[in-house]
Amino acid sequence: QVRLVESGGGLVQTGGSLRLSCAASGRAFSRLYMGWFRQAPGKEREFVATISWSAGSPYYADSVKGRFTISRDNAKNMVYLQMNSLKPEDTAVYYCALDRFSRQVPTNTWEYDDWGQGTQVTVSS
């Protein structure tokens, strides 16, 4: 069983920055991509970014491109999301997710196999 634990959320003003972390642990598991999603109140969970575990190639939603950076540390089984120039519309619960099987860039929730509990990010105006 894989366990994903997010941290680093909090309250920040518009234009500020936060760095989210996701720690993966458990029995040996394959991983092709690790991603970040977010869910605002009353809205569906949406794709934010994902990264291929082996090559480290990042992919972003258009809404965060140029402001957010996803990275990973293979040795530590960690994935990070550096968020800069935050806006009130970035306010949401942010979830880390693991995709073990996809052979193409996964941007849908159903493509991911394991999920963390989420961390709240609130951007005040």
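The preceding data block contains the structure.
Because the structure is predicted, anything quoted here is derived from the model rather than measured.

**Digging into the packing of aromatic side chains**
Alright, step 1. Applying the stated criterion across every chain, the model contains 4 aromatic pairs.
Alright, step 2. An aromatic cluster of three or more residues is present, and its members are Phe37, Phe47, Tyr112 and Trp115.
Alright, step 3. Stacked on the ring of Tyr80, the Lys or Arg Arg19 has its end atom at 4.0 Å from the ring centre.
Alright, step 4. A cation over an aromatic ring shows up here: Arg45 above the ring of Tyr95, its NZ or CZ 3.6 Å from the ring centre.

**Quick notes on the state of the cysteines**
Alright, step 1. Per the stated rule, a full pass over the model turns up 1 disulfide.
Alright, step 2. The disulfide bridge from Cys22 ends at Cys96, spanning 2.0 Å between sulfur atoms. Disulfide Cys22-Cys96: the torsion about the S-S bond is -75 degrees, which places it as left-handed. Within this pair, whereas Cys22 is found in strand E3 (residues 18–26), its partner Cys96 is found in strand E9 (residues 92–99), the two being separated by 74 residues in sequence. For the pair Cys22 and Cys96, a shared accessibility class is recorded, and that class is buried.

Basis of the calculations
Residues numbered from 1 in each chain as written. Predicted model: local features only at pLDDT ≥ 70, side-chain atom pairs only at ≥ 80, totals over all residues. Heavy atoms only, no water. Phe/Tyr/Trp six-rings, centres within 6.5 Å; stacked < 30°, edge-to-face > 60°. Lys NZ or Arg CZ within 6 Å of the ring centre and 35° of its normal. Disulfide = S-S within 2.5 Å. Helix = DSSP H or I, 4+ residues; strand = E, 2+ residues; numbered from the N terminus. Buried < 20%, exposed > 50% of the residue type's maximum accessible area, 1.4 Å probe, protein only.

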